[in-house]
Amino acid sequence: MDRNAILLPQSAIGRQREAIEKLRGLLAQEHTPPLAYVQTYGCQQNVADSQRLMGMLREMGCAFIDEPSRADIVLINTCAIRENAEKRVYGALGQLTHTKANNPRQLICLCGCMAQQESAAEKVKKSYRHVDIVFGPQALWRFPELLLEAAEERHRVFSIADEHGTIAEGLPVLRESGIKAWVSIMYGCNNFCSYCIVPYVRGRERSREPEAILQEVRELAEAGVKEITLLGQNVNSYGKDLTRPMDFSDLLAEIDKIPGDYLVRFMTSHPKDAGEKLFSTMARCGHVAHQLHLPVQSGCSRVLKAMNRGYTRESYLEKVRWARQAMPDLVLTSDIIIGFPGETEAEAMETVSLIEEVRYDALFTFIYSPRPGTPAAKLPDPASRQEKQVWFDRLLASQNRISAEIHQTYVGRRLRVLVDGETGDAEWPLSARTAGGRLVHLRGPKELIGQYAEAEIAGRNTWALFGSCVR
Ligand code: 5AD
Ligand code: SF4
């Protein structure tokens, strides 16, 4: 698609700003300040999207509250990646019938990946009539316009047209902290892994202009933000659609030139597009964390082919070797799906053997969940849920042992960590992250929050390290 049609004109953004101004007046008549409740399900991209939506709500004059009953505006940002995520949303929507009954002028908005699915939108239209606005990720930038229409006309608004997707620059954002920030570098996905709903709900891959990304990172670094995570469904295909193509490694190298005391992380990398150039760039760039989330999904080449992943067990393992050669201190994590349709026990055990071979620092593990409309959902799936659970438990047992063993190697070491918050635990009151992104529970003064500190690691469990500030 023509690049000019992807980059939204400033007039379209201007319309949103006008809608925000009108809503500021309109909502103030209901309540001063108007109260908003925002609930986010799913991945980091959704968290970043919610920060945009909250930025818009803040400019409408809203204050944020933690429970929906008193809210003038309720916004549920949904996830569609697995059936469970959807079930939780329907549960939350059911609860909201009561809040709406008590407060009929409440505006209930449903957005995110689930809202973009026609079947879900239809179900909400028919069976959840208290929901006022439904819009998918591709219409996120139009939230002010949609909200204004619902608030003025008092009718239901649905915006889920199946679009290629656009890029909106210049909309507000509400960052959750001054320590860490998310920066989307691209949207959408073109990979169509056979199990995955994302390409159907988030549209085609489109990269933000490098200047816009660099400007955003520069502002964050100048504001003292210490950790910047670049987001995209597959950051390794960054730049393919730009008028002047550049790749993700080039972008990382440009970002690295921005001065400041900060670390850059990124997710997610698709193994088929990650290679030596990326690893050597990461190794060379001082601001880039030696941390890689490289989802393998399966350790069996036959299953990988059925998943449409574009690599084999062997080619994946080779990339891991390259990455570790370039960065011996690399922290490596992955996503795994157990029980893909037709997967046998022996094939699932190939995944267990792969994780034993790679020895990831940590894993995100899932049992396959059929997503209507995806090719995998049409495949025969003879293995029972119980069988899959047994394979899954074996995988977890292996990984838990490996994570604990790797964590044991930190004990006794001194590391630079970023103190990012409080744990609520009196014994280990602070939480922190190592450069590789591992969680540390820390003893030390509260004043360190937002700073780098030197930590001595004294203990560990499977999921975290425990230590004390020494400086
Ligand atoms: N079932 C189970 N897990 C899935 N994922 C994506 N789609 C599905 C599905 N249908 C997992 C993949 C992906 C992660 C974000 O969610 O492992 O990397
Ligand atoms: Fe889904 Fe595959 Fe795209 Fe990731 S790369 S969002 S798993 S289709």
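Our structure's up above, just so we're on the same page.
Every value quoted in this text rests on a predicted model; they were computed, and no experiment measured them. Per chain, the residues get numbers from 1 upward, laid out in the order the sequence is written. Ligands are numbered from 1 and chains lettered from A, in the order in which they are written. The model is predicted, so local features are restricted to residues of pLDDT at least 70 and side-chain atom pairs to those at 80 or more, both for listing and for counting; the totals for chains, interfaces and linings are taken over all residues. In computing side-chain properties, one takes all heavy atoms of the structure into account and sets aside hydrogens as well as water.

Caption draft 1: Expanded view of the overall build of the protein. Secondary structure elements follow DSSP: runs of H or I of four or more residues count as helices, runs of E of two or more count as strands, with numbering from the N terminus. Along the backbone of the protein there are 15 helices and 19 strands. Radius of gyration here uses only the C-alpha atoms, and the compact-globule reference equals 2.2 Å multiplied by the residue count raised to the power 0.38. Whereas a compact globule of 471 residues would reach a radius of gyration of roughly 23 Å, the protein reaches 23 Å, a difference of no more than 12%. Considering only C-alpha atoms, the protein reaches an extent of 60 × 55 × 50 Å along its principal axes. Exposure is judged per residue with a 1.4 Å probe applied to protein chains only, and the accessible area is read against the type maximum: over 50% gives exposed, under 20% gives buried, and values in between give partly exposed. Within the span of the protein, comprising 471 residues, buried residues form 56% of the whole. Contacts: residue pairs with any heavy atoms within 4.5 Å of one another. A separation of at least 24 residues holds for 75% of the contacts in the protein among residues at least 6 apart in sequence. A total accessible area of about 20,000 Å² is found for the protein, and carbon and sulfur atoms account for 51% of it. Working definition of accessibility: Shrake-Rupley area with a 1.4 Å probe, residue cover restricted to the visible protein chains.

Caption draft 2: Layout of the site of ligand 1. For ligand 1, the full set of nearby residues is Ile-81, Arg-82, Tyr-195, Gln-297, Asp-335, Ile-337, Phe-366, Ile-367, Tyr-368, Ser-369 and Arg-371. The separation between a nitrogen atom of ligand 1 and a polar main-chain atom of Tyr-195 is 3.0 Å. When the free accessible area of ligand 1 is taken as 400 Å², the share hidden by the protein chains comes to 86%. Within the residue set of the shell around ligand 1, elements represented by two or more residues are strand E13 (331-338) and strand E14 (362-367). Put simply, Ala, Val, Leu, Ile, Met, Phe, Trp, Tyr, Cys and Pro go in the nonpolar bin, Asp, Glu, Lys and Arg in the charged bin, and everything else, Gly too, in the polar bin. When grouped by side-chain class, the residues that make up the shell around ligand 1 number six nonpolar, two polar and three charged. Near, as used in this document, describes a residue that has one of its heavy atoms within 4 Å of the molecule or strand being considered. Distance and chemistry together define a polar contact, namely a pair of N or O atoms within 3.5 Å, with one atom able to donate a hydrogen and the other to accept it when in protein, and with adjacent residues in sequence counting only for side-chain atoms on both sides.

Caption draft 3: Spatial organisation of the environment of Arg-401. Relative to the elements of secondary structure, Arg-401 occurs in helix H15 (residues 385-408). For Arg-401, a relative accessible area of 36% corresponds to the partly exposed category. Once the C-alpha coordinates of Arg-401 and Asn-461 are considered, the two residues, 60 residues apart in sequence, prove to be 10.0 Å apart. Beyond its immediate chain neighbours, meaning those up to four positions away, Arg-401 contacts Glu-356 and Arg-359. At a separation of 2.5 Å, a polar atom in the side chain of Arg-401 contacts the side chain of Glu-356.

Caption draft 4: Structural context of the sheet that holds strand E5 (residues 133-135). Spatially, the six strands line up as an open sheet ordered E2-E1-E3-E4-E5-E6, and their pairing is parallel. A single partner strand is all that each edge strand has here, and the edge strands are strand E2 (63-64) and strand E6 (157-159). Taken together, the three bridges between E5 and E6 define a ladder with parallel strand orientation. The partner of Phe-135 across the bridge, within E6, is Ser-159. The pairing criterion for strands is at least two bridges between them, as found by DSSP.

Caption draft 5: Looking closely at unusual backbone geometry. Across the junction of Thr-32 and Pro-33, the peptide omega takes the value -10 degrees, indicating a cis bond. Structurally, the position occupied by Pro-33 is in the loop between helix H2 (10-30) and strand E1 (35-40). Here the amide bond leading from Met-267 into Thr-268 is cis, since omega sits at 5 degrees, within 30 degrees of zero. Inspection of the secondary structure puts Thr-268 in the loop between strand E11 (263-267) and helix H11 (276-284). In the Ramachandran plot, Phe-192 falls in the positive-phi region, its phi being about 45 degrees despite a non-glycine side chain.

Caption draft 6: Spotlight on H11. Within the span of H11, buried status applies to Leu-278, Phe-279, Thr-281 and Met-282. Taken end-on, H11 shows its buried residues confined to a sector of 160 degrees, consistent with a single buried face. Contacts made by the buried residues of H11 are with helix H10 (248-256), E11, strand E12 (291-293) and helix H13 (313-326). Each C-beta atom gives one direction from the helix axis, and the arc is the one those directions make.

Caption draft 7: Local environment of the packing of aromatic side chains. Pairing of aromatic rings covers Phe, Tyr and Trp, the last counted by its six-membered ring, and requires centre-to-centre distances within 6.5 Å; plane angles under 30 degrees mean stacked, over 60 mean edge-to-face, and any other angle means tilted. Applying the stated rule across the entire model yields seven aromatic pairs. Ring geometry for Tyr-311 against Tyr-316: centres 5.8 Å apart, planes inclined by 35 degrees, an arrangement best described as tilted. The pair formed by Tyr-311 and Tyr-316 is uniform in burial state, with each residue classed as buried. Note on geometry: a ring has a charge over it if NZ (lysine) or CZ (arginine) is within 6 Å of the ring centre and within 35 degrees of the ring normal. Sitting over the ring of Tyr-410, Arg-413 keeps its end group 5.1 Å from the ring centre. In this structure, Arg-443 is placed above the aromatic ring of Trp-428, and the distance from its NZ or CZ to the ring centre is 4.1 Å.

Caption draft 8: Looking closely at the side chain of Asp-361. Tracing the sequence through the fold places Asp-361 in the loop between helix H14 (345-358) and E14. Counted charges follow a simple rule, with Lys and Arg positive, Asp and Glu negative, and His plus the chain ends left uncounted. For this document, the term salt bridge refers to a Lys or Arg side-chain nitrogen within 4 Å of an Asp or Glu carboxyl oxygen. Lacking a salt bridge, the buried Asp-361 has Arg-438 as its closest oppositely charged neighbour, with an N-O distance of 4.9 Å. Beyond its immediate sequence surroundings of up to four residues, Asp-361 is in contact with Leu-330, Val-331, Leu-332, Gln-399, Ser-403, Ile-406, Tyr-410 and Arg-438.

Caption draft 9: Quick peek at the pattern of salt bridges. Across all of its chains, the model carries 33 salt bridges by this definition. A salt bridge links Arg-3 to Glu-209; the shortest N-O distance between them is 2.9 Å. With Arg-3 in helix H1 (residues 3-6) and Glu-209 in the loop between strand E9 (206-207) and helix H9 (210-222), the pair connects residues that are 206 residues apart, well separated along the chain. The buried category is assigned to Arg-3, whose relative accessible area is 9%.

Caption draft 10: Spotlight on the nonpolar core. By convention a nonpolar core is built from buried Ala, Val, Leu, Ile, Met, Phe, Trp, Tyr and Cys residues, the set being connected through side-chain atoms within 4.5 Å. Counting residues in hydrophobic clusters, the biggest one holds 84 residues, and the most contacted among them are Ile-185, Leu-230, Phe-248, Phe-266, Met-282 and Leu-292. When residues no more than four places from it in sequence are discounted, the contact partners of Leu-230 are Val-183, Ile-185, Val-235, Phe-248, Leu-252, Ile-255, Val-264, Arg-265, Phe-266 and Met-267. With 32 residues, the next largest nonpolar core counts Ile-20, Val-38, Ile-73 and Cys-111 among its residues.

Caption draft 11: Quick look at the sheet that holds strand E16 (residues 430-434). The mixed closed barrel is built from five strands, whose spatial order is E15-E16-E17-E19-E18. Between one strand axis and the next, the sheet turns by 50 degrees as a mean value, whatever way the strands run. In this sheet, strand E19 (residues 465-469) lies alongside strand E18 (residues 452-460) in antiparallel orientation, the contact comprising five bridges. In the sheet register, Arg-460 faces E19, and the bridge partner there is Leu-465. Every angle, taken between N-to-C directions, lies between 0 and 180 degrees, and every axis is a line fitted to C-alpha atoms, over only the stretch in contact when it is a helix.

Caption draft 12: Seen up close, the pairing of E16. The buried fraction of E16 is high, at four of five residues. One ladder, built from five bridges, connects strand E15 (residues 414-422) with E16; its direction is antiparallel. Residue pairing in the sheet places Gly-421 in a bridge with Ser-431 of E16. Where E16 lies against strand E17 (residues 439-443), four bridges are found, and the strand directions are antiparallel. Paired with Ala-432 across the two strands is Val-440, which belongs to E17. The turn linking E16 back onto E17 is made up of four residues, and Gly-437 within it adopts a positive phi angle of 90 degrees.

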